[in-house]
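Structural features, examined
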Amino acid sequence: MINMSTSGEENNERKTVTIRGLSTDIYDRVSRLAKETGATVGEVVNDALKRYIATLENISRTIDNMIRSGDVVMISGVSSLTVTKVDLESLDKPVVFKDMDELIFTDDVTNELIKSKVAKIVNVNTVYVPKSVSTLLIASKSELVKKIVPRQ
């Protein structure tokens, strides 16, 4: 449990907040960064959280606009999903995969199918790809993906 002072944006009031579960390693790194830049830990954390929130809001807006315009199909909230070449080819629009523990592309999925049928991969812990698929291509379509793992 870590306590730190923060300032509110509206009226610059300061209060102490407790962040439970914060990694001590992350706190130590933030503390070092604050010292190096002459900022307080609260200022560094506030800045990081503002940027994180802005990123999430931008991703949500982008996906909402794509869905509203009818440009994509959304698949969301499935814990684990295995996607085949036939699955991707059967879609008439590109797909957004969102909010999953794992997304597995089978060996028959190609770079060309990823380029044409996968619009975005958002908030997925692990994406498993065939060796033949470029991990950089997957990364270029990913937001908030923790790991991209080429399958052997």
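The structure contained in this document is the topic of the report that follows. What you see is a predicted model; the values in this text were computed from it and never measured. (Residues numbered from 1 in each chain as written. Predicted model: local features only at pLDDT ≥ 70, side-chain atom pairs only at ≥ 80, totals over all residues. Heavy atoms only, no water.)

1. Considerations on the side chain of lysine 141
Positionally, lysine 141 belongs in the loop between helix H5 (135-140) and strand S7 (142-143). Notably, lysine 141 is buried but unbridged: the nearest opposite-charge side chain belongs to glutamate 112, and the N-O separation is 10 Å. Here lysine 115 takes part through its backbone oxygen, which lies 3.5 Å from a polar atom of the side chain of lysine 141. A polar contact of 2.7 Å, which involves the side chain of lysine 141, links it to the backbone oxygen of valine 118. (Helix = DSSP H or I, 4+ residues; strand = E, 2+ residues; numbered from the N terminus. Buried < 20%, exposed > 50% of the residue type's maximum accessible area, 1.4 Å probe, protein only. Lys, Arg positive; Asp, Glu negative; His and termini not counted. Salt bridge = Lys/Arg side-chain N within 4 Å of Asp/Glu carboxyl O. Polar contact = N/O pair within 3.5 Å; in protein donor to acceptor, adjacent residues only side chain to side chain.)

2. Notes on the pattern of salt bridges
Using the criterion set out here, one finds 6 salt bridges in the structure. When the shortest N-O distance is used, the salt bridge between arginine 51 and aspartate 47 registers 2.9 Å. With arginine 51 and aspartate 47 both in helix H2 (residues 41-68) and 4 residues apart, the pair spans about one turn of that helix. For glutamate 112, the salt bridge identified is with lysine 115, shortest N-O distance 3.4 Å.

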